[in-house]
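Fold and geometry: a report
What follows is the residue order along each chain.
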Amino acid sequence: MNNQRKRMMMRAFILLGGVVVFFLVFTGRIVYVQVNKEVGGENLAQMAESRWTTSQTLEGERGTIYDRDGEPLAEEVQSYTAFAILDEEYEKHVKNVEKTAEKLAPLIGLEITELENMLEKGKEEGKFQIELGSDSKYLSLSKKQEIEQLNLEGIHFRKEPKRYYPNQTFASHILGYTERDMSEAKMGLELELNDALSSSDGSVSYQQNRKGIPLWNMEETVKEPRDGEDVHLTIDSNIQTVLEQAMSKVNEKYSPNKMTAVVANAETGKILGMGNRPSFNPNKYESITNYTNYAVSDRFEPGSTMKMFTLAAALEEGVYDGSETYQSGTYSVASETINDHNNGEGWGTITYDEGFRRSSNVAFAKVALEKLGPETFFQYMNDFGFSEPTGIDLPNEADSLLAEPNELNTAITGFGQSSSVTPIQQVQAATAVANDGTMMKPFIVKNMYNQTEEEYSYEAVPEAAGTPISESTAAQVRKRMRQVVASEEGTGQPFQIDGINVAGKTGTAQINDPNGPGYLSGQDKNIFSFIGMAPADDPSIIVYVSVDRPDLEPTEAGSAPVSQIFNPVMKQSLSYLNLTPEDVEEEKVYEEDGMKAKSYSGESVNHAASRLEKNNLKPVIIGNGNTVKSQYPEQGEPLIIGSKVFLKTDGKAEMPDISGWSLRDVKRISMFAGLELDHIGSGYVTQQSIEPGAEIQDGGYLTVELKKDPEQEESGSSGEEDRQQRE
């Protein structure tokens with residue numbers, strides 16, 4: 001009995017000891033976990049935090065590129081990608097493959113059988129969902145809505161930001177492009193300013209319960225996203241539009257190898273327009289055939305446009321007498337013979353001034369070699385900026401290639417061969433002639449705005465690039481350039497514009513034969529160019545145009561395609577910028593449709609509308625009265641051909657139908673009518689919150705929805721056509 005009792009007590013002590021040991025170990029573990037907050041190398045606090053905390057990405061937005069007036073040229077927009085859910089366990093899956101393929105395929109660039117096979121294969125492979133091809137990505141809102149109207153089961157959309165260029169083929173080589181998802185910048189300012197334009201994402205973190213509902217009274221942890229900087233250019237969209245239109249017409253008519261054109265403000269160096277052909281639509285970058293911005297990245301022998309700088313150098317040195325005569329025709333230098341354009345026959349004994357008007361090669365070979373000499377001549381080439389890049393704020397500017405300063409090269413460079421320069425170098429040099437001797441560095445970025453800091457990170461200031469000639473010399477050169485255009489024997493006659501005194505110089509540059517020594521031969525195997533400025537006495541605008549090997553008619557001169565670009569661009573530039581043309585008679589087109597608005601206040605509505613229409617302006621009547629009470633633009637403000645003029649009558653103000661209007665015109669009428677404006681989307685107005693004919697309440701609200709024309713998007717119509725329609 002005693003032994004049995006001892007054994008029971010021993011067992012009890014052992015059991016008690018085991019319990020005590022377990023309790024001590026367990027308590028120690030609890031204490032350890034509480035102190036160290038770690039199990040198996042995992043931090044418990046972080047684990048709990050991760051289970052109860054969720055984080056969402058706050059996406060930054062890539063900076064927008066604007067024109068000089070604040071119209072977007074490159075922007076980030078919301079787009080949509082269509083996809084199909086195939087899993088039958090999911091309620092909204094594709095049930096009828098044939099019907100879905102038949103209706104959807106035409107809208108996403110697929111054949112019906114192709115889409116049907118994609119859907120069937122996805123189902124057979126047990127896929128939950130599939131993508132629907134490249135054309136189903138980055139859809140516009142209008143295209144998404146068109147697909148949604150088909151009511152196809154199983155077709156869904158996800159939102160994706162993309163880079164969008166609203167004006168299509170418009171200043172494309174300036175802007176460049178990015179991948180649609182903005183993952184990589186490829187060319188142009190998009191690449192050059194990528195660091196500034198790029199955004200960085202932020203995030204927001206908060207705690208939630210098991211059902212995903214945020215916990216009450218818990219603080220959010222927010223890391224703000226950083227938007228990219230906005231870039232404002234000096235490009236004037238009205239001028240650029242005319243430039244693009246003119247180049248497209250010439251391209252279609254003459255099929256040249258390539259073309260380039262530049263419009264610059266002579267006083268500041270601001271680039272107001274720049275275009276090339278071939279060009280491209282950056283929204284469809286897969287089809288690009290030309291990646292080169294010829295205006296800055298292409299060098300070639302300029303031809304006779306160089307003679308204006310040879311003339312300027314000789315005048316500045318005091319060695320040029322325009323009334324002095326010489327024998328035109330041929331001129332021998334270092335065993336080479338230089339011929340005038342008319343097969344070396346020349347025009348007999350003529351003055352040097354006449355030689356300039358007729359663009360005599362012999363005259364300016366003699367001026368460069370005999371009157372200036374190699375050292376002085378090439379020093380002026382340096383002074384005019386031809387020995388180094390201009391430094392314009394565009395990527396891939398090419399170097400020039402000046403010839404060795406010997407006798408032959410001096411004579412030949414004097415009339416525009418032997419040495420190669422870029423179009424933008426010629427424009428910069430021309431600013432010295434236009435700007436009383438002061439040469440201005442060209443630039444295209446007006447400013448850059450940091451949205452995070454709410455301040456400008458960069459603001460351009462016009463910068464002089466040198467003073468190669470005096471004010472007096474510049475005036476004398478312009479006078480002779482004016483005669484190139486105005487005189488009977490001048491080669492620039494096709495560049496005369498009614499009401500405007502244009503000064504300029506033509507150029508016919510030969511092209512090196514890629515298959516051997518010498519130049520290509522033939523009537524249209526040249527680069528034809530013109531550099532002009534206006535008004536001639538005090539130029540404000542410089543326009544340079546070159547057309548490479550156009551298909552000319554047998555009786556057609558190379559100046560024909562060049563003038564068809566230069567003339568409308570110069571005319572529109574002066575018109576829009578409110579620069580007074582000279583020698584304008586009473587009627588001339590610039591009186592009202594291209595210069596300043598007149599006052600219509602107090603006139604009858606019908607009379608005012610008739611006057612506006614007569615001058616190719618579009619009256620927009622607000623109100624049902626008979627007399628004009630106020631107008632916009634006001635008297636004295638600049639107008640351009642085809643723009644809208646708003647007339648408010650003395651009657652009840654009524655809302656017009658603004659369908660198809662651009663955002664710019666909507667902003668104008670909202671300001672004029674005293675309305676607060678809110679807009680959705682981009683492109684043209686498709687819906688307006690104030691119905692046409694409804695009374696406008698001062699201080700009211702107007703909301704408009706804008707969309708790109710689906711047909712226009714599909715056809716890939718150019719930005720210049722877009723802008724022509726909106727104006």
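To be clear, the structure that these remarks concern was listed above.
A few points on the structure. This is a predicted model, so every value here is computed, not measured.

Let us look at the sheet that holds strand 26 (residues 618-622). The strands making up a sheet are joined through hydrogen bonds of the backbone, oriented either antiparallel or parallel. Here three strands make up an open sheet; going across it, the order is 26-28-27 and the pairing mixed. This sheet does not close on itself; its edge strands, each paired only once, are strand 26 and strand 27 (628-632). If you compare each strand with its neighbour and ignore which way they point, the axes differ by 25° on average. As paired elements, strand 27 and strand 28 (residues 644-649) share four bridges and run antiparallel to each other. Residue Ser630 lies in a different strand from strand 28, and its bridge partner there is Lys648. Sitting on the sheet, helix 20 (residues 663-673) touches strand 26, strand 27 and strand 28, and the angle it makes with strand 28 is about 25°.

A few words now on the nonpolar core. Formed by 89 residues in total, the largest nonpolar core has its most connected members in Leu233 and Met274. Look past the residues within four positions of Leu233 in its chain and what remains in contact with it is Ile65, Tyr66, Asp67, Arg68, Leu73, Ile174, Leu175, Leu189, Ile444, Val445 and Lys446. Residues Phe530, Val545, Ala560 and Val569 belong to the second largest nonpolar core, which totals 31 residues.

Turning to the pairing of strand 28, a few remarks are in order. Burial runs high along strand 28: five of the six residues are buried. Of the pairings in the sheet, the one linking strand 26 to strand 28 comprises five bridges and is parallel in character. Opposite Ile621, over in strand 28, you have Leu647 as the bridge partner.

Where helix 9 (residues 237-254) contacts helix 18 (residues 559-576), the axes come no closer than 9 Å and their chain directions differ by 165°. One finds that helix 9 runs roughly antiparallel with respect to helix 18. Like other packed secondary-structure pairs, helix 9 and helix 18 cross with a definite hand, here right-handed. Taking contact as the criterion, the partners of Asn238, Ile239, Val242, Leu243, Ala246, Met247, Val250, Lys253 and Tyr254 in helix 9 are, on helix 18, Ala560, Pro561, Gln564, Ile565, Pro568, Val569, Gln572, Ser573 and Tyr576. In the contact of helix 9 with helix 18, the residues fall into 13 nonpolar, four polar and one charged.

What counts, and at which threshold
- Residues numbered from 1 in each chain as written.
- Predicted model: local features only at pLDDT ≥ 70, side-chain atom pairs only at ≥ 80, totals over all residues.
- Heavy atoms only, no water.
- Pairing = 2+ DSSP bridges.
- Helix = DSSP H or I, 4+ residues; strand = E, 2+ residues; numbered from the N terminus.
- Axes fitted to C-alpha atoms, helices over the stretch in contact; angles between N-to-C directions.
- Contact = heavy atoms within 4.5 Å.
- Core = buried A, V, L, I, M, F, W, Y, C linked by side-chain atoms within 4.5 Å.
- Buried < 20%, exposed > 50% of the residue type's maximum accessible area, 1.4 Å probe, protein only.
- Parallel < 35°, antiparallel > 145°, perpendicular 65-115°, else oblique.
- Left-handed = near helix turned anticlockwise from the far one by under 90°.
- Nonpolar A, V, L, I, M, F, W, Y, C, P; charged D, E, K, R; others polar.

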